[in-house]
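If you want the building blocks of each chain, they are given just below.
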Amino acid sequence: MGWSLTIGKFGETKVRLHWSFLLFIAWIASLYFVRAGAAAAIGGTIFLVLLFACVVLHEFGHILAARHFGVKTPEVLLLPIGGVSRLEHFPEEPRQELVIALAGPAVSLVIGLGLLLLLGFPPFALSSEGTNLRTVFGQLGWINLFLAGFNLLPAFPMDGGRVLRALLASRFGYARGTRIAASAGQVAAAVFGLLGLVSGNVILVLIALFVFLAAGGEAGVAQMRNASLGLTAADVMITEFESLRADQPISEAAELLIRTNQHEFPVVDGKGVLRGGLARADIIKALHRDPATPVLDAMQSSVPVVTANLNADQLVRHLEERAPMVVVTGADGRPAGIVTWDNMLELMMIEKARARPSAGLG
Ligand code: ZN
């Protein structure tokens, strides 16, 4: 999701800031500065950093719950509207997803109630002059309660959307459950958008747009995942493909790009063992620099590698991470097949046509 900055690693989870988050902090700080001077700008920034720490704790609620079920989380991305945890794979059962989804809001609720109980429930006041600690932490307490409530709205990408999906999935199955939950999310987004337009609140309109797109994306991934349920990587991989050798010049890779309809190539060493992968963009970039560049210097060494018996629905998650392809290797470390995003889209179309043979046209 665009450019982001890694700010730390806790356990096995990298915490990253999206650029829009920095922009958001700069925007708020400058608002404070214009209105009330430098001290207020610093106070406002500190408040935002505290708030952001609470959002991280909320995300770690999800992450620890996921780890309890054996699901690792390699990365959390922080956006101005909240955090997005990328789980390594999907939780197996709806009940697990339910617990993981509820764990984040539970953390926000505990922080919020804890702060407010400690401070004797101060009234909520959004004043930029409130530099005393009681006001600051009082506000933080109320905002955490708001975060818990907002996140429980039954719409993707909020946690409530996942709660709803988990509840529906245990009854209607994963794909249908997601479809219903995603539609609910888009209805909620339409309501937000309308409220935002009527009240002239730009932020509400932006949130609505984000929710709308996220709900659509979630439904797409669920569909793809559903099409691949019960299949393994071996069932969906491309088995007729060309590989490149690490010592070949990039000009030969460019020739291969034209001669085949492949856009991604596994790179192997002299013994045929996988060393990395080369995507079309890598070839063009290196060619521009110097046609004699060896493939080794232009390739990505960290392409995801899986074994043939991996469940195919896990491939979607790898490809979602913007990997150009997933390479399936045999026991000897040689590429046996590759899986690309196009490849998964084709699988989805085929499975859809099989499931409803009468719904041909339209
Ligand atoms: Zn959450």
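Quick note: structure is the one above.
Everything numeric here is computed off the predicted structure, so don't read it as measured data.

Visitor: Is there a simple way to think about the overall build of the chain in this case?
Guide: Counting its regular elements, the chain contains 13 helices and 10 strands. Counting every position in the chain, which comprises 362 residues, the buried fraction comes to 44%. Within the chain, residue pairs in contact and separated by at least 24 positions form 59% of the contacts whose partners lie at least 6 positions apart. Within the structure as shown, the chain displays about 19,200 Å² of accessible surface, and the carbon and sulfur contribution to it stands at 64%.

Visitor: Explain the sheet that holds strand E7 (residues 274-279) to me, please; I cannot follow it from the model alone.
Guide: If you trace the 3 strands from one edge of the open sheet to the other, you get E5-E6-E7, paired in mixed fashion. Strands at the two margins of the open sheet, each flanked by one partner only, are strand E5 (244-245) and E7. With 2 bridges connecting them, E5 and strand E6 (residues 264-268) associate as parallel partners. The residue bridging Leu244 from the neighbouring strand is Val267, located in E6. In this fold helix H10 (residues 280-289) packs onto E6 and E7, with an angle of close to 80° to the strand it touches most, E7.

Visitor: Which parts of the structure should I look at to understand H10?
Guide: Within an α-helix, residues lying three or four positions from one another point in the same direction, as the helix has 3.6 residues per turn. For H10, the set of buried residues is Asp282, Ile283 and Ala286. One face of H10 carries all of its buried residues, which in axial projection span an arc of 100°. Projecting away from the buried face of H10 at angles above 90 degrees are the exposed residues Ala281, Lys285 and His288. Where H10 is buried, its residues touch helix H9 (250-259), E6, E7 and helix H11 (295-298).

Visitor: Explain the pattern of salt bridges here, please?
Guide: Any two side chains of opposite charge can pair, given that their charged atoms come close. Following the criterion strictly, the structure yields 5 salt bridges and no others. In this structure, Glu12 and Arg67 form a salt bridge, with 2.9 Å as the shortest nitrogen-oxygen distance. Here the residue Glu12 occupies a position in the loop between strand E1 (4-10) and strand E2 (13-18), and Arg67 occupies one in helix H2 (residues 38-68), the gap between them amounting to 55 residues. For Glu12, a relative accessible area of 30% translates into the label partly exposed. Among the ionic pairs, Arg165 bridges to Glu97, the shortest N-O distance being 2.8 Å. Pair noted here: Arg165 is in helix H5 (residues 159-172) and Glu97 is in helix H3 (residues 94-119), with a separation of 68 residues, a long-range link. By the burial criterion, Arg165 is buried, and Glu97 matches it.

Visitor: Can you help me understand H9 in this one?
Guide: All of the buried residues in H9 are Ile250, Ala253, Ala254, Leu256 and Leu257. End-on, the buried residues of H9 take up no more than an arc of 160°, which puts them together on one face. Residues of H9 that are exposed and point over 90 degrees away from its buried face: Ile258 and Arg259. In this structure, the buried side of H9 is in contact with E5, E6, E7, H10 and H11.

Visitor: Just to check I follow, could you spell out the coordination of the zinc ion for this structure?
Guide: Note on metal sites: the ideal angle is 109.5 degrees for four tetrahedral donors, and 90 or 180 degrees for six octahedral donors. For the zinc ion, the protein coordination sphere consists of His58 (NE2), His62 (NE2), Asp159 (OD) and Asp159 (OD), at 2.0 to 2.6 Å. What the 4 donor atoms of the zinc ion show is an angle range of 55 to 152° at the metal, which sorts the shape as irregular. All donors to the zinc ion come from one chain, and their sequence spacing reads H-x3-H-x96-D. Here the residue His58 occupies a position in helix H2, and Asp159 occupies one in helix H5, the gap between them amounting to 101 residues. As far as burial versus exposure is concerned, His58 and Asp159 are alike and both buried.

Visitor: Would you mind showing me how to read the nonpolar core here?
Guide: Nonpolar side chains tend to gather and get buried jointly when the protein is soluble and globular. Of all hydrophobic cores here, the largest spans 22 residues; its most connected members are Phe21, Phe52, Leu78 and Leu140. Looking at this core, the elements with two or more residues in it are E2, helix H1 (19-36), H2, strand E3 (75-79), H3 and helix H4 (133-151). In terms of residue count, H2 provides more of this core than any other element does, 9 residues in total. Once residues within four sequence positions are removed from consideration, Phe21 is found in contact with Phe52, Leu78, Leu79 and Pro80.

Visitor: Just to check I follow, could you spell out the packing of H5 against helix H6 (residues 174-199) for this structure?
Guide: The axes of two packed helices give the description: the angle between them and the distance between them. Taken N-terminus to C-terminus, the directions of H5 and H6 make an angle of 145°; their axes are 7 Å apart at the nearest point. Relative to H6, H5 is oriented so that their crossing is right-handed. Residues Gly161, Leu164, Arg165, Leu168, Ala169 and Phe172 of H5 form the contact with H6, whose own contacting residues are Tyr174, Arg176, Gly177, Thr178, Ile180, Ala181 and Ala184. Of the residues contributing to the contact of H5 with H6, the split by class is 8 nonpolar, 3 polar and 2 charged.

Visitor: Help me understand the sheet that holds E2 in this model?
Guide: In a beta sheet, neighbouring strands are held together by backbone hydrogen bonds and run either parallel or antiparallel to one another. Strands sit in the order E1-E2-E3-E4 across an open sheet of 4 strands; the sheet is mixed. In this open sheet, the two edge strands, each paired with only one partner strand, are E1 and strand E4 (82-86). Strand-to-strand twist across the sheet, computed as the mean angle between neighbouring axes with direction ignored, equals 25°. Where E1 and E2 come together, 6 bridges link them in antiparallel fashion. Bridge pairing in E2 places Lys9 opposite Lys14. Together, E1, E2 and E3 form the strand contacts of H1, whose direction differs from that of E2 by roughly 55°. Its contacts with the sheet put H2 on E1, E2, E3 and E4, and the angle it makes with E4 is roughly 25°.

Visitor: Any chance you could explain the environment of Leu48 here in plain terms?
Guide: By secondary structure assignment, the location of Leu48 is in helix H2. Overall, Leu48 belongs to the buried group, its relative accessible area being 10%. Along the sequence, Leu48 and Ile25 sit 23 residues apart, while their C-alpha atoms lie 7.2 Å from each other. Ignoring any residue separated from it by four or fewer positions in sequence, one finds Leu48 in contact with Phe24, Ile25 and Ile28.

Conventions and cut-offs
- Residues numbered from 1 in each chain as written.
- Predicted model: local features only at pLDDT ≥ 70, side-chain atom pairs only at ≥ 80, totals over all residues.
- Heavy atoms only, no water.
- Helix = DSSP H or I, 4+ residues; strand = E, 2+ residues; numbered from the N terminus.
- Buried < 20%, exposed > 50% of the residue type's maximum accessible area, 1.4 Å probe, protein only.
- Contact = heavy atoms within 4.5 Å.
- Areas by Shrake-Rupley, 256 points an atom, 1.4 Å probe, with all protein chains shown as cover.
- Pairing = 2+ DSSP bridges.
- Axes fitted to C-alpha atoms, helices over the stretch in contact; angles between N-to-C directions.
- Arc of directions from axis to C-beta.
- Salt bridge = Lys/Arg side-chain N within 4 Å of Asp/Glu carboxyl O.
- Donors = N, O, S within 2.8 Å, 3.2 Å for Na, K, Ca; no water.
- Tetrahedral: all angles 85-135°; square planar, octahedral: opposite > 155°, others 65-115°.
- Core = buried A, V, L, I, M, F, W, Y, C linked by side-chain atoms within 4.5 Å.
- Left-handed = near helix turned anticlockwise from the far one by under 90°.
- Nonpolar A, V, L, I, M, F, W, Y, C, P; charged D, E, K, R; others polar.

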